[in-house]
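# Geometric and topological summary
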Amino acid sequence: MTYIIIIVLGLILDRLTKTYAINNLIENPYNGTLFNFTYLENRGAAFGILQDRKIFFIILTLVIVCALVYYFLKNYRTNNKILNIALAMIISGAIGNFYDRLFQGYVVDFIEFAFVNFPVFNIADIFVTVGSILLIIYMIFFEESEKV
């Protein structure tokens, strides 16, 4: 149940913040010390690569999300908690950006670091990134010890 909450919470946070960005940041971007909030329509992948490949991203995301959900549902009872949290976060973020791409044709990004040149991102991206970091931690520190 915890993992479903992570997925749903991620989706809700992503939708709410993107809706806020659409309604407020297009005409009124915010520039702060740590973060800027600037509305951006990303029609590509991470860092804006592969622009305007909507069908490619829809198919790729469907395949990845289906594979992750299948693996998760098949193994969540026996998986390490860190692995399950990682998968739930990645699934949530992937679905969040998939929703944008499917229904709008682009992903809404709006969070930008003010102190370094880094691409604009969103809550779904944060979920995918944190989930991926947790997956790497699991693979480095836990996977081998569970095989013994």
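Note that the structure is predicted; figures quoted are calculated from it, not measured.

Definitions and cut-offs
Residues numbered from 1 in each chain as written. Predicted model: local features only at pLDDT ≥ 70, side-chain atom pairs only at ≥ 80, totals over all residues. Heavy atoms only, no water. Helix = DSSP H or I, 4+ residues; strand = E, 2+ residues; numbered from the N terminus. Rg over C-alpha atoms; globule rule 2.2 N^0.38 Å. Buried < 20%, exposed > 50% of the residue type's maximum accessible area, 1.4 Å probe, protein only. Contact = heavy atoms within 4.5 Å. Areas by Shrake-Rupley, 256 points an atom, 1.4 Å probe, with all protein chains shown as cover. Expected span 1.5 Å × (residues − 1). Polar contact = N/O pair within 3.5 Å; in protein donor to acceptor, adjacent residues only side chain to side chain. Salt bridge = Lys/Arg side-chain N within 4 Å of Asp/Glu carboxyl O. UniProt positions renumbered as here; feature names shortened; annotations may be inferred. Axes fitted to C-alpha atoms, helices over the stretch in contact; angles between N-to-C directions. Nonpolar A, V, L, I, M, F, W, Y, C, P; charged D, E, K, R; others polar.

### With respect to the overall build of the protein
Broken down by element type, the protein carries 5 helices and 3 strands. Each helix (α) and strand (β) of the protein, taken in turn from the N terminus, gives the series α-β-β-α-α-β-α-α. Taken against the 2.2 N^0.38 rule, which gives 15 Å for 148 residues, the C-alpha radius of gyration of the protein at 16 Å falls within 12% of a compact globule. If one aligns the C-alpha atoms of the protein with their principal axes, the spans along those axes are about 55 × 35 × 30 Å. Of all 148 residues assigned to the protein, the portion counted as buried reaches 36%. For the protein, the proportion of contacts with a sequence separation of at least 24, taken over those separated by at least 6, is 68%. Element-wise, carbon and sulfur atoms account for 69% of the exposed surface of the protein, whose accessible area totals about 9,200 Å².

### Observations regarding helix H3 (residues 81-104)
The first and last C-alpha atoms of H3 sit 34 Å apart over 24 residues, in line with the 34 Å expected at 1.5 Å per residue. One side-chain oxygen of the residue at the start of H3 lies 2.7 Å from the amide nitrogen of Ile82, identifying that residue as Asn80. Backbone geometry just downstream of H3 places Gly105 in the positive-phi region, at approximately 90°.

### As for the pattern of salt bridges
Applying the stated criterion across every chain, the model contains 4 salt bridges. Linking Asp14 and Lys18 is a salt bridge whose minimum nitrogen-to-oxygen distance equals 2.9 Å. Residue Asp14 and its partner Lys18 are located together in helix H1 (residues 2-25), separated by 4 residues, close to a single helical turn. We note that Asp14, like Lys18, is buried.

### A look at helix H2 (residues 54-75)
Over its 22 residues, H2 runs 31 Å from end to end, which matches the ideal 32 Å to within 8%, given 1.5 Å per residue. In this fold, the buried residues of H2 make contact with H1 and H3.

### Focus on the UniProt feature "active site" (unreviewed entry) in the protein
Taken from the UniProt record, the annotation "active site" (unreviewed entry) applies to Asp109 and Asp125. The largest pairwise C-alpha distance within this set of annotated residues, which runs over 17 residues, is 8.9 Å, so the set is compact in three dimensions. Using a relative accessible area of 2% as the deciding quantity, one classes Asp109 as buried. When its relative accessible area of 22% is taken as the criterion, Asp125 is described as partly exposed. Contacts of Asp125, omitting those with residues within four sequence positions, involve Asn97 and Asp109.

### Considerations on the UniProt feature "transmembrane region" (unreviewed entry) in the protein
The UniProt feature table records "transmembrane region" (unreviewed entry) at residues 55-73, 82-99 and 119-142. Annotation note: span residues 119-142, helix share 79%, strand share 0%, distance between end C-alpha atoms 32 Å.

### Quick word on the packing of H1 against helix H4 (residues 123-141)
Packing of H1 against H4 brings their axes to within 8 Å, and their N-to-C directions diverge by 145°. In this structure, H1 uses Ile6, Gly10, Leu13, Asp14, Thr17 and Lys18 to contact H4, whose residues at the interface are Ile123, Ala124 and Phe127. For the contact of H1 with H4, the per-class residue count stands at 5 nonpolar, 2 polar and 2 charged.

### Re the environment of Leu9
Along the chain, the position of Leu9 falls in helix H1. Judged by relative accessible area, Leu9 falls into the partly exposed class, the value being 45%. Here the alpha-carbon distance between Leu9 and Ser92, two residues 83 residues apart in the chain, equals 8.3 Å.

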